[in-house]
Every structure is written in structure tokens, then in C-alpha cells.
Amino acid sequence: MKDNKSLSEKIAELDKKTEWFYSDDFKLEEASENYKEAAKLAKEIENDLLNLKNEIEVLAEDFSK
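Residues numbered from 1 in each chain as written. Predicted model: local features only at pLDDT ≥ 70, side-chain atom pairs only at ≥ 80, totals over all residues. Heavy atoms only, no water.

**A closer look at helix 1 (residues 7-20)**
Here helix 1 contains 14 residues, and its C-alpha end-to-end distance of 20 Å stays within 8% of the 20 Å for a straight helix at 1.5 Å per residue. Regarding helix 1, the residues found buried are Lys10, Leu14, Lys17 and Trp20. Each buried residue of helix 1 lies within a common arc of 115 degrees when the element is viewed along its axis, so the set occupies one face. Those residues of helix 1 that are exposed and angled more than 90 degrees off the buried face are Ser8, Lys16 and Glu19. (Helix = DSSP H or I, 4+ residues; strand = E, 2+ residues; numbered from the N terminus. Expected span 1.5 Å × (residues − 1). Buried < 20%, exposed > 50% of the residue type's maximum accessible area, 1.4 Å probe, protein only. Arc of directions from axis to C-beta.)

The following block contains the structure:
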């Protein structure tokens, strides 16, 4: 199932997940699962940014003709 969250929403969610590690709510028992979720989200963001970069390069090339 494809995630329909915007890049901004994903970045905000990743910020929230990483802040959890420094919060009073941190529990060692939950750290592994939260880390895995944050890593997956970071990979999605990386892929979204790569796709956006490719789109911008294509548009830039079209405008330079």
C-alpha cells in the first residue's frame, strides 16, 4: 500500500519520532521498534527527495531548450 503523506508530513513525523528518543516518554523496550520505524521513514524521505530532484532536473532541462 502506497503512503499518501506529503514530504513535509513525513519529515514532521520523522522529527517527532527522533524527538521521542530524547523525551521523558523514552522506554528502552520500545526503542528498537521506534528506531526501525524512523529508519523506514527516513528511507521513504530519501526516495521522495531523489524523485523530486529527478523531476526538477527534467523540468530544468526542458526550460533550457
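**Topic: the packing of helix 1 against helix 2 (residues 28-63)**
Two elements in contact, helix 1 and helix 2, have axes separated by 9 Å at closest approach and are oriented at 155 degrees. Comparing their axes, helix 2 and helix 1 come out roughly antiparallel. In this structure, the crossing between helix 1 and helix 2 has a hand that is left-handed. Judged by residue contacts, Leu7, Lys10, Ile11, Glu13, Leu14, Lys17 and Trp20 of helix 1 engage Glu30, Ala31, Asn34, Glu37, Ala38, Leu41, Ala42, Glu44, Ile45, Asp48, Leu49 and Leu52 from helix 2. Among the residues making up the contact of helix 1 with helix 2, the classes are represented as eleven nonpolar, one polar and seven charged. (Axes fitted to C-alpha atoms, helices over the stretch in contact; angles between N-to-C directions. Parallel < 35°, antiparallel > 145°, perpendicular 65-115°, else oblique. Left-handed = near helix turned anticlockwise from the far one by under 90°. Contact = heavy atoms within 4.5 Å. Nonpolar A, V, L, I, M, F, W, Y, C, P; charged D, E, K, R; others polar.)

**Here we look at the pattern of salt bridges**
Per the stated rule, a full pass over the model turns up seven salt bridges. We note a salt bridge from Lys17 to Glu37, for which the minimum N-O separation is 2.9 Å. Pair noted here: Lys17 is in helix 1 and Glu37 is in helix 2, with a separation of 20 residues, a long-range link. Its relative accessible area of 19% is what places Lys17 among the buried residues. Overall, the relative accessible area of 32% leaves Glu37 in the partly exposed class. (Salt bridge = Lys/Arg side-chain N within 4 Å of Asp/Glu carboxyl O.)

Read these as spatial facts, not as claims about activity.
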